[in-house]
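# Reading the structure
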Amino acid sequence: MLLVGGEVARSVCIEMGADITGAGIMALAGSGLSVQHLILRWDPLAATGCVRASEISELGSLPQLESVLFESSIDEDLTPAIAAIAQCHTLSKLSVVECLADAEDCLAAISACDSLRHLEWRAFATDVAVYELVRGGSALEHISLSAYGETGLTDDAVFALAQRCPHLVSLSLSSEDGITDAVLVLLESLPKLRRLDVRRCALLTAPAIHALSQRRPCLRVLSTHMKPLGCPQHADAYCSDE
């Protein structure tokens with residue numbers, strides 16, 4: 001059930017399956033262990049419903065929790081669990097990968113987490129969900145957003161991020177047909193931005209990308225149109241996609 005590193009259980013990985021029970025999750029939540037990093041994975045071959053979202057939510061009470069990764073491809077709504085974990089006042093990084101969840105509800109809850117600095121959202125997202133994330137402004141420094149389907153992200157979502165997230169250091173975006181060259185001028189104005197990954201933005205053009213790299217030579221740009229550009233000292237900038 002648990003893979004623990006260190007005497008104080010700094011890192012815990014839970015592989016959800018038939019042998020994982022709600023009682024075991026609750027026991028961990030109440031154990032008092034100094035868990036800092038938590039990984040929650042769901043086995044796609046395991047039966048759903050072995051652990052309820054409300055039981056997962058209790059893990060947010062771990063007193064020193066700093067980072068959480070949700071990874072699931074099963075057909076079970078994890079919205080309550082993600083929203084509850086996001087209320088942890090010590091949380092600095094949250095990753096949600098391939099999970100079935102209501103993006104608007106989850107990102108609204110995440111927006112209230114003052115300690116959060118890194119957000120990786122690799123699940124369905126829309127402009128409205130992004131508006132919820134940044135409604136009151138945001139202290140997020142690293143954001144990775146993936147979208148798929150007919151209602152993905154558009155320029156409007158990126159405009160909202162640029163206007164409400166002045167502390168952004170790195171930004172990764174994905175949209176097949178919604179993000180255009182128009183966003184690059186606004187992103188250029190973010191003073192702290194050092195890394196921009198737009199390899200999955202199909203509508204961005206090579207001239208616009210090259211122009212951005214010329215105007216902001218110390219901005220590391222990752223694009224399908226060119227080799228990585230930017231100052232070498234930023235080559236190790238935060239990257240949640242690789």
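Notes on the structure follow. Quick caveat: nothing in here was measured; it's all calculated off a predicted structure. (Residues numbered from 1 in each chain as written. Predicted model: local features only at pLDDT ≥ 70, side-chain atom pairs only at ≥ 80, totals over all residues. Heavy atoms only, no water.)

### What to know about the packing of helix α4 (residues 103–110) against helix α5 (residues 127–134)
Basically, it comes down to this: Between the N-to-C directions of two axes lies an angle of 0 to 180 degrees, each axis being a line fitted to C-alpha atoms and, for a helix, fitted only over the stretch in contact. Helix numbers and strand numbers start at the N terminus; a helix is a DSSP run of H or I with at least 4 residues, a strand a run of E with at least 2. An angle below 35 degrees is treated as roughly parallel, one above 145 as roughly antiparallel, one from 65 to 115 as roughly perpendicular, and anything else as oblique. Helix crossings fall into two classes, left-handed where the near helix is turned counterclockwise from the far one by less than a right angle and right-handed where it is turned clockwise. By definition in these notes, contact holds between two residues if any of their heavy atoms fall within 4.5 Å. Nonpolar residues are Ala, Val, Leu, Ile, Met, Phe, Trp, Tyr, Cys and Pro. Charged residues are Asp, Glu, Lys and Arg, and all others, Gly as well, are polar.
Running from amino to carboxyl end, α4 crosses α5 at an angle of 15°, the nearest separation of the two axes being 7 Å. Judged on the interaxial angle alone, α5 and α4 are roughly parallel. Taken as a pair, α4 and α5 cross one another with a handedness that is right-handed. Of the residues in α5, those in contact with A103, E104, L107, A108 and I110 of α4 are V128, A129, V130, E132 and L133. By residue class, the composition of the contact of α4 with α5 is eight nonpolar, no polar and two charged.

### Some remarks on the pattern of salt bridges
Let me state the cut-off plainly: When a carboxyl oxygen of Asp or Glu is within 4 Å of a side-chain nitrogen of Lys or Arg, the pair counts as a salt bridge. The classification of residues rests on relative accessible area computed with a 1.4 Å probe and restricted to protein chains. Under 20% of the type maximum is buried, over 50% is exposed, and intermediate values are partly exposed.
This model, assessed by the stated rule, comprises eight salt bridges. Across the salt bridge formed by R41 and E71, the nearest N and O atoms sit 2.9 Å from each other. One end of the pair, R41, is in strand β3 (residues 37–42); the other, E71, is in strand β4 (residues 67–71), and 30 residues separate them in sequence. On the basis of relative accessibility, which here comes to 28%, the residue R41 falls in the partly exposed class. Judged by relative accessible area, E71 falls into the partly exposed class, the value being 29%. Across the pair E120 and R122 runs a salt bridge whose closest N-O atoms are separated by 3.1 Å.

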